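Chains, contacts and geometry: an overview
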Amino acid sequence: MDWGSIIENTVRGLIGEQAIYFALAALGLNIHFGFTGLLNFGQAVFMAAGAYGLAMTVASEEPHDLILFTIGDGNGFWLGIFMGVIVFPVILALILGIPTLRLRADYLAMVTIATAEIFRLVARTPALDDWTGSSDGLTGFASTFYDWSPFEPRQRYFFNLFQGNQMWVFIIGWITVAIVAFILWLLIRSPWGRVLKAIREDEDAARSLGKNAYAYKMQALILGGVVGAIGGTLRAIGTQSAQPDNFITDVTFFAWVAVILGGAGKVFGPIIGSMLLWATLAFADTFLREGVDAGWVPDWLITGTQVGQVRFMLVGLGLVFLAWRRPQGIFGNKEEMALDDR
Amino acid sequence: MTDNDTPPIATQTDHNPLENVAWEAGVSKPDPILVAHDVTRSFGGLKAVDVDHVEIQRGLITALIGPNGAGKTTFFNLLTNFDNPDTGDRTFNGRSLNNTPAHRVANFGMVRTFQLTKALSKMTVMENMKLGATGQRGESMLAAALPFLWSRQDRAIEERAAGLLQRFKMDHMTGEFAGTLSGGQRKLLEMARALMVQPELVMLDEPMAGVNPALKQSLLDHIKGLKAEGMTVLFVEHDMDMVQEISDWVIVMAEGRIIAEGPPASISENKAVVDAYLGSHHDAPLDLGDLDD
Ligand SMILES: Nc1ncnc2c1ncn2[C@@H]1O[C@H](COP(=O)(O)OP(=O)(O)O)[C@@H](O)[C@H]1O
Ligand SMILES: [Mg+2]
């Protein structure tokens, strides 16, 4: 058994690109669910908005010529970042929020889960090939990002964990996570954050004290969506592609797992939750594979090709264990959670 | 002190502003802060509220009483726009409340509490209090991330909240989660929190329900204190002793309608009220004090 590669892969899961993308997705989801009580079951579509906002602006056939004509060739990337991080998710949040946020919480849940699938299926449509690249998606929009990289693409960095381009994503990614988390931390401990918490507990109480609950919920939906979209934009840059099937429902549930693992309603919880999720997946994956190869895990139990599925079963088991032993998540406060029962 | 310079302040208790007001349902008052006209609300076939006209006098304590299911809570909801009436006009300080969102009503200076207490249990007592303050700069999302824009105001709010908590004898619980408070303490907290809005009119829906006798007396004193500070109080209550003790005026609801109005002493002799509480074939004088549900 090659413990070196098990450890290497686990560490790469812990701090690597996936942990970054999903830390951001989960930070956004935590604004929705953890702090405001909004049930968003379509965080994948906010990530997709971030990815496609960038990719469509820079690389798709249709708006591309017009944009280049307007702003000049070199600026497409920055406009794309703006579209992906602000314009797309804000518009999406308004579309999702305006009809649902005055209603009971479950309406947002239904609309988000449906919208995420609709977006994905529409993006796949061959008729929209010139806009979205249909099922192949879009590529070739991230070169500006890598032009700025100080790292040699072919060299390996950071204990040989990352290639040059990955290293650049790694650095920029964690800096982004840190900045976003810091801003959210400031927001949550402000009077604005206080209103969100009040709305989460009892919207009518907040309204009776003069707070426009609808407007605050909309702001929270937009903010959490923008943060999720930042994760999606980074992911598109990191993988150098925006593809419909990168945003299947599983993606939303990974973000939920990260939130629940870390502890909903704690600012830094989702970051740790995301890191642990990907570390666990990477560990289980490598460990089982090594075990199968070494003959420790008998063939009749798991074959090499089944490892990919089995690791999710293990994560599921871990979550069940967590829900049993520590339902408030790693960082959650048990006393606070117990107040629910009163 | 310079007593000679200042003329004696004529407090409202010096003479009763409703002295010359007739004891009848829907009667006009000299200085109403809140007026409801032709307000109706049905749930399916049930007409829960059907109020032709009612006025609440400024600066007094008015009790709204009536048997269970009379429509008092529904009427509260309609007055504060937590529910929309089928018909009717509500005016606060001469300003129409029709089509005003509920949160705006509070910002106008009219704040209500709930029959089922809404203490925010996962927030501390202090956070509950600070939430009540209106016009907070830090409640705007853009300013929120820049504490220097709001921290001074926040400190002032915290001081005001601490003062109120002291007055309500809750200052030893400042940092505790509201969810750990007893039912009576939650009622107190909800009332104190409502005062953070600095309202002109305080509407309390059954403030004494589920409160132990010792706390009840202090709640009564606090309500009297609100009046002394110039606030108007409208409260729903079942306990006739409480109503007799603190209210200046009583409005009686039954089956959605206002059936009687008058000073507290006049109410227990009122034929319509007796009928409403006991059914119309009752002729003995009524001691409403025995009728707590
Ligand atoms: N949301 C509702 N849906 C249906 N019926 C309601 C609703 N709210 C109140 N009612 C009915 O309206 C009547 C008045 O209720 P309520 O205003 O709570 O009375 P009170 O506060 O005087 O005890 C009751 O018959 C009650 O069952
Ligand atoms: Mg009631």
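None of the values given here were measured: they were computed from a predicted structure. (Residues numbered from 1 in each chain as written. Chains lettered and ligands numbered in written order. Predicted model: local features only at pLDDT ≥ 70, side-chain atom pairs only at ≥ 80, totals over all residues. Heavy atoms only, no water.)

What about the packing of helix α3 (residues 43-59) of chain A against helix α5 (residues 76-100) of chain A?
Residue and element names in this part refer to chain A. What counts is decided by this rule: Every axis corresponds to a line fitted to the C-alpha atoms, with the helix fit spanning only the stretch in contact, and the corresponding angles, defined between N-to-C directions, vary from 0 to 180 degrees. Secondary structure is summarised from DSSP: a helix means a run of H or I of at least four residues, a strand means a run of E of at least two, and numbering begins at the N terminus for each. Convention used here: angles under 35 degrees read as roughly parallel, angles over 145 as roughly antiparallel, angles from 65 to 115 as roughly perpendicular, and any remaining angle as oblique. By convention the crossing between two helices is left-handed if the near helix lies anticlockwise of the far one by an angle smaller than a right angle, and right-handed if it lies clockwise. Every residue pair with non-hydrogen atoms within 4.5 Å of one another is taken to be in contact. By the convention adopted, Pro, Cys, Tyr, Trp, Phe, Met, Ile, Leu, Val and Ala count as nonpolar, Lys, Arg, Asp and Glu as charged, and the other residues, Gly among them, as polar.
Put simply, α3 and α5 touch, their axes get as near as 7 Å, and they point 140 degrees apart. Classified by the interaxial angle, the pair formed by α3 and α5 is oblique. Where α3 crosses over α5, the handedness of that crossing is right-handed. Listed contacts from α5 to Val45, Phe46, Ala49, Gly50, Tyr52, Gly53, Leu54, Met56, Thr57 and Val58 of α3 are Gly76, Phe77, Leu79, Gly80, Ile81, Met83, Gly84, Phe88, Pro89, Leu92, Ala93 and Leu96. Among the residues making up the contact of α3 with α5, the classes are represented as 16 nonpolar, 6 polar and no charged.

Points about the coordination of the magnesium ion (ligand 2)
All names here are of chain B. Under the convention used in this document: The rule for donors is simple: N, O or S, within 2.8 Å of the metal, or within 3.2 Å if the metal is Na, K or Ca. Water isn't counted, so a site may look like it is missing partners. Throughout, exposure labels follow a simple rule: accessible area from a 1.4 Å probe, protein chains only, divided by the maximum for the residue type, with under 20% read as buried, over 50% as exposed, and the rest as partly exposed.
Distances from the magnesium ion (ligand 2) to its protein donors, namely Thr73 (OG1) and Gln115 (OE1), fall within the range 2.0 to 2.2 Å. In this pair, Thr73 is assigned in helix α1 (residues 72-79) and Gln115 in the loop between β6 (110-112) and α3 (125-131), connecting sequence segments 42 residues apart. For Thr73, a relative accessible area of 27% gives the class partly exposed.

Regarding the interface of chain B and chain A
In plain terms, the rule: Reported buried area values correspond to the accessible surface (1.4 Å probe) lost by two parts on association, with both partners' losses combined. We define a salt bridge as a contact between a side-chain nitrogen of Lys or Arg and a carboxyl oxygen of Asp or Glu at a distance within 4 Å. A 3.5 Å cut-off defines polar contacts: any pair of N or O atoms within that distance qualifies, except that in protein one atom must be a possible hydrogen donor and the other a possible acceptor, and neighbouring residues in sequence count only when both atoms are side-chain atoms.
Taken together, the contacts link 37 residues of chain B with 28 residues of chain A. Both faces combined, the contact of chain B with chain A buries some 3000 Å², and carbon together with sulfur accounts for 64% of it. Remark: the boundary between chain B and chain A carries 4 salt bridges. The salt bridge partner of Arg194(A) is Asp154(B), with a shortest N-O separation of 3.4 Å. Across the chain B-chain A interface, the total number found is 12 residue pairs in polar contact (both at pLDDT 80 or more). Among the secondary structure elements, those contributing two or more residues to the side of chain B that touches chain A are α2 (102-108), β6, α3, α4 (141-144) and α6 (183-195) of chain B.

Overview of the packing of aromatic side chains
We apply this condition: Between rings of Phe, Tyr and Trp, where Trp is taken as its six-membered ring, a pair exists when centres lie within 6.5 Å; planes separated by under 30 degrees are stacked, by over 60 edge-to-face, and by other angles tilted. Here, a charge over a ring is recorded when the distance from Lys NZ or Arg CZ to the ring centre is within 6 Å and its angle to the ring normal is within 35 degrees.
Here the structure, examined in full by the defined rule, presents 24 aromatic pairs over all chains. Taking 4.8 Å as the distance between ring centres and 70 degrees as the angle between the ring planes, the aromatic pair formed by Phe151(A) and Tyr157(A) counts as edge-to-face. Grouping residues by exposure puts Phe151(A) and Tyr157(A) together as buried. Through a chain of ring-to-ring contacts, three or more aromatic side chains come together here, namely Phe145(A), Tyr146(A), Phe151(A), Tyr157(A) and Trp168(A). Arg95(B) extends its terminal NZ or CZ atom over the ring of Phe108(B), reaching a point 3.8 Å from the ring centre.

Concerning the domain arrangement of chain B
Residue and element names in this part refer to chain B. Where we set the bar: Domain extents, as shown, originate in an automatic or database domain assignment.
According to the domain assignment, chain B consists of domain 1 (1-118 + 198-293) and domain 2 (120-180). Each partner contributes to the interface: domain 1 provides 6 residues, whereas domain 2 provides 5 residues. When the two sides are added together, the surface that domain 1 and domain 2 hide from each other amounts to roughly 520 Å², 44% of it contributed by carbon and sulfur. It is Lys118, Gln198 and His222 that lose the most area in domain 1 upon contact with domain 2, and together they represent 66% of the buried surface on that side. Across the contact surface, domain 1 and domain 2 share 1 residue pair in polar contact (both at pLDDT 80 or more). In terms of residue class, the side of domain 1 that touches domain 2 is made up of 1 nonpolar, 3 polar and 2 charged.

Overview of the site of ligand 1
Residues and elements named next belong to chain B. As a reminder of what qualifies: Near, as used in this document, describes a residue that has one of its heavy atoms within 4 Å of the molecule or strand being considered. All accessible-area figures derive from a Shrake-Rupley calculation using a 1.4 Å probe, and residue coverage is judged against the displayed protein chains alone.
In the region of ligand 1, the neighbouring residues are Phe43, Leu46, Ala48, Asn68, Gly69, Ala70, Gly71, Lys72, Thr73 and Thr74. With respect to ligand 1, the backbone of Gly71 contributes an N or O atom lying 2.9 Å from an oxygen atom. Here an oxygen atom of ligand 1 and a backbone polar atom of Lys72 are 2.8 Å apart. For ligand 1, whose free accessible area comes to 560 Å², the fraction covered by protein is 59%. Where the shell around ligand 1 is concerned, the elements lending two or more residues are β2 (46-57) and α1. A per-element tally of the shell around ligand 1 places α1 first, with 3 residues. Split into classes, the residues belonging to the shell around ligand 1 amount to 4 nonpolar, 5 polar and 1 charged.

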